[in-house]
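# Summary of the model geometry
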Amino acid sequence: MASASQRVVLITGCSSGIGLRIAVLLAKDEQKRYYVIATMRDLKKKDKLVQAAGDAFGNTLTLQALDVCSDDSVRQCISAVKDRRVDILINNAGVGLLGPVESISLEQMKMVFETNFFGTVRMIKEIMPDMKRRRAGHIIVMSSVMGMQGVVFNDVYTASKFAIEGFCESLAVQLLKFNVKLSLIEPGPVHTEFEAKMMEEVAKMEFPGADADTVRYFKDVYIPSSIDIFEAMGQKPDDIAKCTKKVIESRNPRFRNLTNSLYTPIVAMKYADETGGLSVHTFYNLLFNFGSLMHITMNILKCLTCSCLRRRAISPD
Ligand SMILES: NC(=O)C1=CN([C@@H]2O[C@H](COP(=O)(O)OP(=O)(O)OC[C@H]3O[C@@H](n4cnc5c(N)ncnc54)[C@H](OP(=O)(O)O)[C@@H]3O)[C@@H](O)[C@H]2O)C=CC1
Ligand SMILES: CC1=C(/C=C/C(C)=C/C=C/C(C)=C/C=O)C(C)(C)CCC1
């Protein structure tokens, strides 16, 4: 059980990847400042977490079942928490979805929103009122660079992260009045099962409804470039865990927290040109004209920050 001085942290989606690493990092805090309630929808998947947690399991880390898509599961889990006291809520559970829009059913799209958007909203609705009453708490949301900048063939996943960013941007203002903090973590590519799961799905895809050119652009242009990007700028889940811990421990936590500075120029393009043309055309060129040179992507990305390009972007004509 948590001691009075410990901060109770509840994390969703701890069976793998970023959630698992955040849970372990916080539970192994040398000063034992955190009591971690690591949750996952299927407790049969607990072994990896239990093993990584080592001695912390049963001491500073406990396990609970929680499916962010189920009202009952969320309610049951939170009512089992002593005094319903969650000091830090980390909304991490999420799923990806890749491919031409024509080939993806509305059912599949709704599942992504059900998990990434409504799953997070469901958690916040359950826990936020207690935080407001206590005039204390910190809500962390695992967003993505795709919550700020769309990426081709990630249309629906991107939309789900944009949705959560809009929700949080609005809510953060009200929460300030109640001394409750809200922070978005915005990673770029991270090497987790997320990447493998999406590639597995793609390998099985038959692309119903998509024309041959679109399928070719997706399979032969986007996928190899995306693999290059993951190789060139992919972070480790531990990097994201460390960044999240820093945000939690900050006296004045930032609202937006990009974890990968290599992605800064990509996001900056959006703000440098209010017409949106710079982002759309740069992405087009990177993908279709420089695709075969993707191994030197880092140099191209650095180039985007140069002042001549910025001058062009904001030029009135
Ligand atoms: N990897 C990346 O490149 C990036 C990831 N992100 C975000 O980071 C977060 C974590 O992803 P990551 O660690 O990479 O991927 P993983 O696939 O390794 O982890 C995702 C976790 O979410 C869980 N989950 C999925 N659906 C539900 C649900 N309905 N209820 C509870 N848990 C659920 C999964 O559980 P189960 O094992 O049961 O499926 C798993 O534990 C996501 O929100 C993702 O969008 C953001 C930027 C980049
Ligand atoms: C930057 C970039 C590309 C790919 C970006 C990718 C693949 C980002 C992945 C981000 C993830 C996985 C976020 C998860 O939330 C393209 C389209 C190849 C074109 C060139 C520029």
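The sections below set out a description of the structure shown in this document. (Residues numbered from 1 in each chain as written. Chains lettered and ligands numbered in written order. Predicted model: local features only at pLDDT ≥ 70, side-chain atom pairs only at ≥ 80, totals over all residues. Heavy atoms only, no water.)

### Structural notes on unusual backbone geometry
For R135, which is not glycine, the phi dihedral falls at a positive 50 degrees. As for its position among the elements, R135 is in the loop between helix 4 (106-134) and strand 5 (138-142). At F153, a position not held by glycine, the phi torsion is positive, near 65 degrees. Along the chain, F153 turns up in the loop between strand 5 and helix 5 (155-176). Overall, F153 belongs to the buried group, its relative accessible area being 10%. (Helix = DSSP H or I, 4+ residues; strand = E, 2+ residues; numbered from the N terminus. Buried < 20%, exposed > 50% of the residue type's maximum accessible area, 1.4 Å probe, protein only.)

### Focus on the pairing of strand 5
The side chains of a regular strand alternate, first on one face of the sheet and then on the other. Here strand 5 lies mainly inside the structure; five of its five residues are buried. Residues of strand 5 alternate between two faces, with H138, I140 and M142 on one and I139 and V141 on the opposite face, all of them buried. Here four bridges tie strand 4 (residues 88-91) to strand 5, and the two strands are oriented parallel to one another. Bridge pairing links I88 to H138 in strand 5. Viewed along the sheet, the connection from strand 4 through helix 4 into strand 5 turns out right-handed. Where the polypeptide runs from strand 5 across helix 5 and back to strand 6 (residues 181-186), its parallel neighbour, the crossover connection is right-handed. (Pairing = 2+ DSSP bridges. Right-handed = clockwise from strand over helix to strand, strands pointing away.)

### Quick look at the packing of aromatic side chains
Enumeration according to the criterion identifies nine aromatic pairs in this entry. Between the aromatic rings of F117 and F167, the centroid separation amounts to 5.9 Å while the plane-to-plane angle is 90 degrees, which identifies the pairing as edge-to-face. Placement of the pair is F117 in helix 4 and F167 in helix 5, with a sequence separation of 50 residues. Geometrically, the ring pair formed by F153 and Y222 is edge-to-face, given 5.9 Å between the ring centres and 65 degrees between the ring planes. Residue F153 is found in the loop between strand 5 and helix 5, and its partner Y222 is found in helix 7 (residues 212-233); the two are separated by 69 residues along the sequence. Look at Y222 and you get buried, because its relative accessible area is 8%. An aromatic cluster is present here, built from F153, F207, F218 and Y222 joined pairwise through their rings. The side chain of K132 reaches across the aromatic face of F178, ending 4.5 Å from its centre. (Phe/Tyr/Trp six-rings, centres within 6.5 Å; stacked < 30°, edge-to-face > 60°. Lys NZ or Arg CZ within 6 Å of the ring centre and 35° of its normal.)

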